Amino acid sequence: MIRDITIGQYYPANSVIHKLDPRVKLFATMIYIIGLFCFKGVLSLGLIALFLFAMVRLSKVPFKFIVKGLKAIVVLLMITATFNLLLTPGETVFWHWKSLQITDTGITNAVVMTVRLMFLIIGTSLMTLTTTPNQLTDALETSLKPLTKIHVPVHAIAMMMSIALRFIPILIEETDKIMKAQMARGADFEHGNIIQRAKNMVPLLVPLFVSAFRRADELAMAMEARCYNGGEGRTKMKPLVYQTKDRVAYVIVLLWLALVIAARILVPWPQ
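Residues numbered from 1 in each chain as written. Predicted model: local features only at pLDDT ≥ 70, side-chain atom pairs only at ≥ 80, totals over all residues. Heavy atoms only, no water.

A look at the pattern of salt bridges
Heads up, the condition is: Any carboxyl oxygen of Asp or Glu within 4 Å of a side-chain nitrogen of Lys or Arg constitutes a salt bridge here. Only protein chains enter the accessibility calculation, which uses a 1.4 Å probe; a residue whose area is less than 20% of its type maximum is buried, one above 50% is exposed, and one in between is partly exposed.
Enumeration over the complete set of coordinates arrives at 2 salt bridges. The salt bridge partner of Asp21 is Arg23, with a shortest N-O separation of 3.0 Å. An identical accessibility class is assigned to Asp21 and Arg23; each is buried. Residues Arg215 and Glu174 are paired through a salt bridge, measuring 3.1 Å at the closest nitrogen-oxygen approach.

Spelled out as structure tokens, the structure:
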């Protein structure tokens, strides 16, 4: 389960998506999230699904590798679907018991929110799988550069986000090692209900936090030993330069968002 988390991992491949400017992928992910949370209707959902699976196909990342990231949020998906299904009022009531009820609106909301969360994880995972942490740092720093005029520490923010993304797979691997070490000593993480499993995970937190703080301290000492002093006056070995394919990608993403919004207005959910 721990190794099924795909956010923060990079999958090397020779694809069109990998070769795009990281600023384009960052912008496209933001637009994708906007479209994902403003869609309303079967046509909008179809456009989002078509766009997502087209990007997965172009990225040359195995679909099974991307989808396995959903295993880590199965509990969250179940809780979201259950709450929307049982706590949403509607015109047609199919089942009722005290304050709980299943309605037509509840069924629709449960399906929509579950699909949204699934597509959100797949879409954001696709960005990190096709973009290295260094590229993401450069994209964030360049995109937020105008904020430096109002004394916002853009380089520090981009560096922190990059380090956080880089630490995700490291901490996942560290958690897996700790779990295996404790299982070898008799710990049980696979049996019992959800509450018992959550309680069994508590002994993992202390060694995991100790390991995380130790790694953070080592990273800080390494940066200080190399006289790191922020982004002022620093140059880049590979500066970001837009190419024709990047401009075409911008146009495609914006047209896709316009289609999603138009589909939301013209083709709502069937009544």
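Now, onward.
With respect to the side chain of Asp21
Note the following rule: Secondary structure elements are defined from DSSP: runs of H or I of at least 4 residues count as helices, runs of E of at least 2 residues count as strands, and each element is numbered from the N terminus. The contact rule is simple, with two residues in contact once any of their heavy atoms fall within 4.5 Å.
By secondary structure assignment, the location of Asp21 is in the loop between α1 (16–19) and α2 (22–38). A relative accessible area of 5% places Asp21 in the buried class. In contact with Asp21, not counting residues within four places along its chain, are Leu240, Val241, Tyr242 and Asp246.

Topic: the nonpolar core
Formally: Within this scheme, the nonpolar core is defined by two criteria: the residues are buried Ala, Val, Leu, Ile, Met, Phe, Trp, Tyr or Cys, and they are joined through side-chain atoms within 4.5 Å.
Counting 28 residues, the largest nonpolar core has Tyr32, Ile48, Ile66, Phe119 and Trp256 as its most contacted members. At the level of secondary structure, the elements contributing two or more residues to this core comprise α2, α3 (42–59), α4 (63–67), α6 (104–129) and α10 (244–266). In this view, Trp256 contacts Ile31, Tyr32, Gly35, Leu47, Ile48 and Phe51; residues no more than four positions away in its chain are not counted. Counting 6 residues, the second-largest nonpolar core is a separate cluster that includes Leu26, Met127, Leu136 and Leu140.

What about a nonpolar patch on the surface?
Note the threshold: Patch membership requires more than 30% relative accessible area and the absence of a salt bridge. Residues of like charge join within 9 Å; the nonpolar side chains Val, Leu, Ile, Met, Phe, Trp and Tyr join within 5 Å. Where accessible areas are quoted, they stem from the Shrake-Rupley method and a 1.4 Å probe; at the residue level, only the protein chains shown are allowed to cover.
Together, Phe94, Trp95, Trp97, Ile107 and Val111 give the surface a local cluster of nonpolar side chains, amounting to about 530 Å² of exposed area. Put simply, the parts of the chain that give the nonpolar patch at least two residues each are β1 (93–97) and α6. Summarising the element assignment, Ile107 is placed in helix α6. When its relative accessible area of 36% is taken as the criterion, Ile107 is described as partly exposed.

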